[in-house]
Amino acid sequence: MKALSLRELEAEAQRRLEPGAYDLFAGGADDEVTLRANENAFARLGLVPRVLRGRGRPQLETTLLGCRTSMPIVIAPTAFHRLAHPDGERATARAAAAAGAIMTVSMASTTAIEEIAEASAGGTLWFQLYLQPDLGFTEALIRRVEAAGCKALVVTVDSPVFGRRERDLRNGFTDLPSGLCCENMRPAGPGGTRGPARPIAFSEALSWEHIDWLRKSTSLPLVLKGLVHPADAKMALERGVDAVLVSNHGGRQLDTIPATLELLPPIAEAIGGRLPILLDGGIRRGTDIVKALALGANAVAIGRPVLWGLAAEGEAGVAHVLETLRSELERAMALCGCGSASDVGPELLHVSRWEK
Ligand code: FNR
């Protein structure tokens, strides 16, 4: 694997992917303002390291929702891994398990959750859900996810409708190529068979009552993905969810939402340490992770980089992404004088005197 950084890996993936598939993965909604903002926010925030603290090698292991993980880096749910590489989600699951990282399986995976769980062979899987207006179907899927051994349900709440992605419209990308489908959307048929895949529906009327319903429908921990407003973070606390994932869907839903990094501090203040906070959007370097942790995240999630690794080299490519970020985080923490996440705080962040 030649890529020295995740940016180089994206270039390698772009060379290998069909242009339409690359755009589907890379693109965002409308003018892609949010997409760009996510990455730029990390570059604009400086780190001011501490020295001479004698901390030794940084310790990255942590526990999220009762799951031990080798690092505070979770694989975010992304659709269609078999469009990136024929081994698809199985390859991602194997690489995550080998690295001791948590993989969040997308509801729109092109491999069934049961097969991903088999490939993961004891690794930790979480499952992302778009609550379907057909609650019976949603409940049956939750039972499948529980039976497959998933350890948390990540409910995406930023998608009452689908964001408008103009790259896909321009490329005429309307459907998966034949032979691929959203395998989790195939309802059970007679004698253990599965029927044809239903399209994923978005719930325009999604509300907190649905979250209450989910809370009653499963004993799995619930993570709300796609919160960006501190008032909603307070609601999440009141409604008894188990964690929040601060996300603007990688700039693919509502355009012009600010960078998640900028939205994190008021959410961390609203949560006040009472729930774990994850953040995704634009994480491409170990230093990005240090900044997210310094502003109050307990862990981060990564979306596109995993697809770039998969497209470049299947399982080995995803392993490379996880190892690159793990070693960059370890190095960045060491250079900041931090021995563990508890050493990473706002004192490391530079407040510019020149920019208003
Ligand atoms: C996504 N994301 C996403 N989120 C979700 O809840 N369910 C899904 O099926 C998908 N699918 C998906 C496909 C692709 C191609 C992308 C790029 C993203 C959003 C994802 O979980 C995450 O929020 C962002 O990808 C994070 O931003 P970065 O790391 O890609 O910058």
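Thresholds, definitions, all that
Residues numbered from 1 in each chain as written. Predicted model: local features only at pLDDT ≥ 70, side-chain atom pairs only at ≥ 80, totals over all residues. Buried ≥ 20, exposed ≤ 12 C-beta atoms within 10 Å, placed from the backbone. Helix = DSSP H or I, 4+ residues; strand = E, 2+ residues; numbered from the N terminus. Right-handed = clockwise from strand over helix to strand, strands pointing away. Pairing = 2+ DSSP bridges. Axes fitted to C-alpha atoms, helices over the stretch in contact; angles between N-to-C directions. Parallel < 35°, antiparallel > 145°, perpendicular 65-115°, else oblique. Left-handed = near helix turned anticlockwise from the far one by under 90°. Contact = placed C-beta atoms within 7 Å. Nonpolar A, V, L, I, M, F, W, Y, C, P; charged D, E, K, R; others polar. pLDDT = per-residue confidence, 0-100. Core = buried A, V, L, I, M, F, W, Y, C linked by C-beta atoms within 7 Å.

### Considerations on the pairing of strand β6 (residues 125-129)
Then comes step 1: Across the 5 residues of β6, 5 count as buried, placing the element largely inside the fold.
Then comes step 2: Side chains Leu125, Phe127 and Leu129 project from β6 onto one buried face, and the interleaved Trp126 and Gln128 project onto a second face that is buried too.
Then comes step 3: Of the crossover connections in this fold, the one passing from strand β5 (residues 103-105) over helix α6 (residues 113-120) to the parallel β6 is right-handed.
Then comes step 4: Relative to strand β7 (residues 153-156), β6 runs parallel, the two being bridged by 3 bridges. From the neighbouring strand, glutamine 128 faces β7, where its bridge partner is valine 154.
Then comes step 5: At this point the chain moves from β6, through helix α7 (residues 135-147), to the parallel β7, and the crossover so formed is right-handed.

### Comments concerning the packing of helix α10 (residues 230-238) against helix α11 (residues 260-271)
Packed helix pairs are characterised by how far apart their axes lie and by the angle those axes make with each other.
Then comes step 1: Where α10 contacts α11, the axes come no closer than 8 Å and their chain directions differ by 30 degrees. What the angle tells us is that α10 and α11 run roughly parallel. Helix-helix and strand crossings are classified by hand; for α10 and α11 the assignment is right-handed. On the side of α10, the interface is formed by Pro230, Ala233, Lys234 and Leu237, while α11 contributes Pro266, Ile267, Glu269, Ala270 and Ile271.
Then comes step 2: Within the contact of α10 with α11, the residues separate by chemical class into 7 nonpolar, no polar and 2 charged.

### Digging into the confidence of the model for the protein chain
Then comes step 1: Overall, the prediction assigns the protein chain a mean pLDDT of 97, with 99% of residues at 70 or greater.
Then comes step 2: Interface scoring of the predicted complex returns ipTM 1.00; its pTM is 0.98.

### Quick word on unusual backbone geometry
It is generally the case that most residues other than glycine have a negative phi and that most peptide bonds are trans.
Then comes step 1: A positive phi angle, close to 65 degrees, is found at histidine 249, a residue other than glycine.
Then comes step 2: For histidine 249, the position within the fold is in the loop between β9 (243-246) and α11.
Then comes step 3: Positive phi is not limited to glycine here, since threonine 256 has a value of about 80 degrees.
Then comes step 4: One can find threonine 256 in the loop between β9 and α11.
Then comes step 5: A count of 12 C-beta atoms within 10 Å places threonine 256 in the exposed class.

### Brief notes about the environment of isoleucine 75
Then comes step 1: Tracing the backbone through its elements, the reader meets isoleucine 75 in strand β4 (residues 73-75).
Then comes step 2: A sequence separation of 28 residues divides isoleucine 75 from methionine 103, and the C-alpha atoms of the two residues are 4.7 Å apart.
Then comes step 3: What isoleucine 75 contacts, discounting residues up to four positions off in sequence, is Thr92, Ala96, Ala101, Ile102, Met103, Thr104, Ala301, Ile302 and Val306.

### Points about the nonpolar core
Then comes step 1: Ranked by size, the top nonpolar core spans 109 residues in total, and within it Val244, Val246, Leu278 and Val300 carry the most contacts.
Then comes step 2: Examining the composition of this core, we find that 14 residues originate from one element, helix α13 (residues 304-335), more than from any other.

### Points about the packing of helix α5 (residues 88-99) against α13
Then comes step 1: The geometry of α5 relative to α13 is characterised by a closest axis approach of 8 Å and an angle of 10 degrees between their N-to-C directions. Comparing their axes, α13 and α5 come out roughly parallel. Counting all contacts with α5, which are made through Ala91, Thr92, Arg94, Ala95, Ala98 and Ala99, the residues of α13 involved are Val306, Leu310, Gly314, Glu315, Val318, Ala319, Leu322 and Glu323.
Then comes step 2: The residue inventory of the contact of α5 with α13, partitioned by class, reads 9 nonpolar, 2 polar and 3 charged.

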